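These are the residues of each chain, in order.
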Amino acid sequence: GAGVSQSPRYKVAKRGQDVALRCDPISGHVSLFWYQQALGQGPEFLTYFQNEAQLDKSGLPSDRFFAERPEGSVSTLKIQRTQQEDSAVYLCASSLDQGRNTEAFFGQGTRLTVV
Amino acid sequence: AQSVTQLDSQVPVFEEAPVELRCNYSSSVSVYLFWYVQYPNQGLQLLLKYLSGSTLVKGINGFEAEFNKSQTSFHLRKPSVHISDTAEYFCAVSDHGGGYNKLIFGAGTRLAVHP
């Protein structure tokens, strides 16, 4: 596809379960971002990858959150022992490079509901 | 730390009327400013951005925004709205620190266009 693809689109998890959210960026895009969007709020930065290197993980809310991009393309955001406060839409964005004039393209997001 | 304030959570307007969505940011350094639109169940789409140069920026779908450094504002305007403009609008700022566009978003403004 031509855009950023995220799967699954919807995920319901029981509290305490582990979940894995996948992001397929646009082919060839160097930069990849994860954001968390709580209901009624704007997206909040979680983490940034440049190719396979995770250069910024300052936004990850706890050590239960882990992200990887082992081959510099597909990325996975893993949440261990999910809690109700983890319920949110998780957005992935990619850009061709890290330059200031580079547009970030967003996926449709994964809506996670923890029950 | 940078922050973005969107002064109106909801803006109702009649079709073909003008609209202004307000955005203020706080930063002591040079910033890049963005407006994104989010349609229901879709990802964020870039409307326009200010990096440098002319303070009046034109974007897609007839939107424009004006960067005002003295007032730390970046308000979004459209002279005549359509029903299809109904969506959530997010203002964002980036200081490009670290060499990448880490976006800080406002809480969003829901634009509701009525016939």
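Residues numbered from 1 in each chain as written. Chains lettered and ligands numbered in written order. Predicted model: local features only at pLDDT ≥ 70, side-chain atom pairs only at ≥ 80, totals over all residues. Heavy atoms only, no water.

Student: Hey, could you go over the overall build of chain A for me, with residue numbers and the actual values?
Tutor: Looking only at helices and strands, chain A features zero helices and 11 strands. Counted from the first residue to the last, chain A has its helices and strands arranged as β-β-β-β-β-β-β-β-β-β-β. Here chain A has a C-alpha radius of gyration of 13 Å; the compact-globule value for 115 residues is 13 Å, and the two agree. Here the C-alpha coordinates of chain A stretch approximately 40 × 25 × 25 Å along the principal axes. (Helix = DSSP H or I, 4+ residues; strand = E, 2+ residues; numbered from the N terminus. Rg over C-alpha atoms; globule rule 2.2 N^0.38 Å.)

Student: Hey, could you go over the overall build of chain B for me, with residue numbers and the actual values?
Tutor: Across its full length, chain B carries zero helices and 12 strands. In terms of overall dimensions, chain B is globule-like: its C-alpha atoms have a radius of gyration of 14 Å, near the 13 Å expected for 115 residues. Scored against the burial criterion, the 115 residues of chain B give a buried share of 48%. When contacts within chain B are restricted to residue pairs at least 6 apart in sequence, those whose partners lie at least 24 apart make up 56%. For chain B, the distance from the average site of its 8 positive side-chain charges to the average site of its 9 negative ones is 8 Å. (Buried < 20%, exposed > 50% of the residue type's maximum accessible area, 1.4 Å probe, protein only. Contact = heavy atoms within 4.5 Å. Lys, Arg positive; Asp, Glu negative; His and termini not counted. Charge placed at Lys NZ, Arg CZ, Asp CG, Glu CD.)

Student: So what's going on with the layout of surface pockets? Which residues, and what values?
Tutor: Roughly 620 Å³ of volume is contained in the largest pocket. The wall of the largest pocket is formed by 29 residues, among which A:Gln37, A:Leu39, A:Arg111, B:Gln38 and B:Arg110 lie closest to the centre. At the level of secondary structure, the elements contributing two or more residues to the lining of the largest pocket comprise strand E9 (88–95) and strand E11 (110–114) of chain A together with strand E10 (87–94) of chain B. Its residues placed into classes, the lining of the largest pocket shows 11 nonpolar, 14 polar and four charged. When its volume is computed, the second largest pocket comes out at roughly 180 Å³. Residue lining of the second largest pocket: 12 residues in total, with B:Val29, B:Ser30, B:Val31, B:Phe67 and B:Lys69 positioned closest to the centre. For the lining of the second largest pocket, the per-class residue count stands at six nonpolar, five polar and one charged. (1 Å grid on protein atoms, 1.4 Å probe; cavity = no way out; pocket = protein on both sides within 12 Å on 5 of 7 lines; lining within 4 Å. Points joined across faces, edges and corners; volume = space filled by probe spheres on them. Nonpolar A, V, L, I, M, F, W, Y, C, P; charged D, E, K, R; others polar.)

Student: Tell me about empty space enclosed by the protein, and please be specific about residues and values.
Tutor: As enumerated under the stated definition, the model contains one cavity of 30 Å³ or more in all. Estimated volume of the largest cavity: approximately 80 Å³. Looking at the lining of the largest cavity residue by residue, the classes come out as six nonpolar, five polar and one charged.

Student: Explain the pairing of strand E9 (residues 73–78) of chain B to me, and be specific about the residues and the numbers.
Tutor: All names here are of chain B. Here E9 lies mainly inside the structure; five of its six residues are buried. Here three bridges tie strand E3 (residues 19–21) to E9, and the two strands are oriented antiparallel to one another. What sits directly across from Leu21, in E9, is Leu76. With five bridges connecting them, strand E8 (residues 64–68) and E9 associate as antiparallel partners. Of the residues in E9, the one forming a bridge with Glu64 is Arg77. With antiparallel pairing between neighbouring strands as the criterion, E8 and E9 make up a hairpin whose turn holds four residues, including Thr72 at a positive phi of roughly 45 degrees. (Pairing = 2+ DSSP bridges.)

Student: I'd like to hear about the sheet that holds strand E7 (residues 65–68) of chain A, residue by residue, with values.
Tutor: Residue and element names in this part refer to chain A. Taken in spatial order, the four strands line up as E1-E3-E8-E7 in an open sheet, and their pairing is antiparallel. Looking at strand neighbours, the two that pair on one side only are strand E1 (5–7) and E7, the edges of this open sheet. For this sheet the average axis-to-axis angle between neighbouring strands, irrespective of direction, equals 15 degrees. (Axes fitted to C-alpha atoms, helices over the stretch in contact; angles between N-to-C directions.)

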